[in-house]
Amino acid sequence: MPYNAAELHGVQKVYKDFKLGPLDLTVPAGTIVGLVGENGAGKTTTLKILTGVNPPDGGRAELLGGLPKDPEVRARLGVVFEEAYFYEGMNAAHIGRSMAGIFGARWDAGAFSGYLKRFGLEPDKKIKEYSRGMRMKLSLATALAHAPEMLVLDEPTAGLDPVVRGEILDLFLEFIQDEHHTILMSSHITSDLEQIADSIAYLHHGQLLFHEDKDALMQEYGLLRCSEADLHRLPDGMAVFTRRSTFGCETLVKGREAVLRLLPGTVCDPAGIDDIMRFYSGRDGQ
Amino acid sequence: MRGLLYKDWSVLAGQYRKNILLLLVVYLGMAYLFDMPFMLYALVFMLGIYTQSAVSFDEKSHWDMYAHTLPVSPAAIIGSKYLLGLLAIAGGFLIGLAAFLFFPDIARGTMGMEEALVGMLAATALALLYFSLSLPLSYQLGSERARTAVMVLILLLAVLATASTVLLSSEQLQDIQRFFGFRGPAEIWDSAQEQTLVMDVEYGSVYQWARNLHFWWLIVGGTAGSALLYAGSWLVSIAIYKHKQF
């Protein structure tokens, strides 16, 4: 029976210059959910609440059937935050021994050393001597070696070259082979999410604009290029936002198939996640 | 807790192994070559200071945010720092005490182990007091600002101590000093002349102080009080840490 690995119900977090929510979000078990949004949209804030780093000011968060601050729940969770990790003067061997003490019997030293070998990471080399990609691989090895049921990842592929990104995405696909495994990851690299995510949640100015199945989303949204006159023939609510130029109009539309039926002869390509974000952000910027 | 302690130990050992060895050589060398027992007392404090750096390294790597995603409680995260501090102070105490066994003044008989023990206990009490203040302040203000805040606090405590001596009359001060054995009795019975003699003798040696049981109350009580303060400080740090946002 399908169940949710994580749920946010009416979650709110208020800072001096930013407010997140109220936010409702569910992460179905066995899926990869991509969390997208502009810088400062609230992605990291959301992940921090979900992983128990910070408590919400309102609403409630549930993780793996319990509360995020419960150590029993955290023992089944693997987390990678972009900046937060062990001190860079340590090496992988130190980290392995430290995590063995923290996770106890759950920590699989053999699996950790296997990941290090697979990623070509030397156990005795200090973290500060690693490249950005190697650091990310080490963070992932650390997050995976206690056999977590869920991975929460904040920008895991940011700043990495395509080869390393490919390796990391392969690892995620491998992890998700187990139907009880779940991944929630935020990313600015939407092409990565288009490759691996099952659904996309879009945060915009602290609000969840949508959380939809990725394939349905790609089919639903289209990028329409037409004249102003054609645009006026569209029913209300179909056009999300239009950018006008001397060459005509470029419009993000919902219901691409319907638009093509209504305006035969116009060009309406499927919109990517980047396009959707760009146009939503343009609409709200007006 | 074991994993957390190991993390701090490996960071500090990695960063300061050479510094700590150099510190031991310099402090022991100065104590032995220049007859400076103070350097052995200071060792207790200096080794403790290194553990304070563990908080700075955590800040640099945003460790506390990461630690909040691991199956460890705030009490364990904070507890590992306090335990590390305690281990460092205990290590400094034992090294210092062992060094006193071969100290030239002890060998010559011009200084007793009793005096060394008193000095080491006083240094331990001071180190515990320092960390009792600095650790909660580090979690509240950050380790950089906490250092300044602790210095200001210690200065305030010194001013308060000085002010209290000004507020007391010289008789009251002498009574207190007599009570703890820093001053001889106000009067003694002279059996030869069969009359009471008025005395005003200030004792300057630990041998003389140590003959008064109240002096030991002060030393043992001070050390035990610092240890209690240290435990209280741990609870305060946990409360601060639980409300910290990352």
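Check the entry above for the structure.
Residues numbered from 1 in each chain as written. Chains lettered and ligands numbered in written order. Predicted model: local features only at pLDDT ≥ 70, side-chain atom pairs only at ≥ 80, totals over all residues. Heavy atoms only, no water.

**Q** Looking at this structure, I do not really get the packing of helix α1 (residues 2-33) of chain B against helix α4 (residues 74-101) of chain B. What am I missing?
**A** The axes of two packed helices give the description: the angle between them and the distance between them. Residue and element names in this part refer to chain B. It is at 13 Å that the axes of α1 and α4 come closest, and there the two elements cross at 25°. Classified by the interaxial angle, the pair formed by α1 and α4 is roughly parallel. Pair α1 / α4 crosses with right-handed handedness. The segment α1 lies against α4, with Leu4, Leu5, Lys7, Asp8, Leu12, Leu24, Leu28 and Tyr32 engaging Ala76, Ile77, Ser80, Lys81, Leu83, Leu84, Ile95 and Ala99. Each residue belonging to the contact of α1 with α4 can be placed in one class, and the counts come to 12 nonpolar, 1 polar and 3 charged. (Axes fitted to C-alpha atoms, helices over the stretch in contact; angles between N-to-C directions. Helix = DSSP H or I, 4+ residues; strand = E, 2+ residues; numbered from the N terminus. Parallel < 35°, antiparallel > 145°, perpendicular 65-115°, else oblique. Left-handed = near helix turned anticlockwise from the far one by under 90°. Contact = heavy atoms within 4.5 Å. Nonpolar A, V, L, I, M, F, W, Y, C, P; charged D, E, K, R; others polar.)

**Q** I keep staring at the sheet that holds strand β2 (residues 19-28) of chain A and nothing clicks. Help me out?
**A** Strands in a sheet are paired, the pairing made by backbone hydrogen bonds, and the direction either parallel or antiparallel. Residue and element names in this part refer to chain A. The 3 strands lie next to each other as β2-β1-β4, forming an open sheet whose pairing is antiparallel. Lying at the two open borders of the sheet, with one neighbouring strand each, are β2 and β4 (58-63). Taking the axes of each pair of neighbouring strands and ignoring which way they run, one obtains an average angle of 10° across the sheet. Bridge count for strand β1 (residues 4-14) against β2 is 7 bridges, and the pairing is antiparallel. Looking at the pairing, Ala6 lines up with Val27 of β2. The strands that helix α1 (residues 43-50) touches are β1, β2 and β4; relative to β1, the one it contacts most, it runs at about 120°. (Pairing = 2+ DSSP bridges.)

**Q** Even after reading the chapter, I still don't get the pattern of salt bridges, so can you show me in this structure?
**A** All names here are of chain B. In total, this model carries 22 salt bridges over all chains according to the counting rule given. Asp35 is the partner of Arg108 in a salt bridge, and the nearest nitrogen-oxygen pair spans 2.9 Å. With Arg108 in helix α5 (residues 104-108) and Asp35 in the loop between α1 and α2 (38-61), the pair connects residues that are 73 residues apart, well separated along the chain. The class for Arg108 is exposed, based on a relative accessible area of 53%. (Salt bridge = Lys/Arg side-chain N within 4 Å of Asp/Glu carboxyl O. Buried < 20%, exposed > 50% of the residue type's maximum accessible area, 1.4 Å probe, protein only.)

**Q** Sorry if this is basic, but what is going on with the pairing of strand β3 (residues 32-37) of chain A here?
**A** Each regular strand shows side chains that alternate between the opposite faces of the sheet. Residue and element names in this part refer to chain A. Of all 6 residues that make up β3, 6 are buried, and the element is covered over most of its length. Burial along β3 is two-sided: Ile32, Gly34 and Val36 and Val33, Leu35 and Gly37, pointing in opposite directions, are all buried. In this sheet, strand β7 (residues 182-186) lies alongside β3 in parallel orientation, the contact comprising 4 bridges. Residue pairing in the sheet places Ile32 in a bridge with Ile183 of β7. In the sheet, β3 pairs with strand β8 (residues 199-204) via 5 bridges, with the strands oriented parallel. Within β8, the position partnered with Val36 by the bridge is Tyr202.

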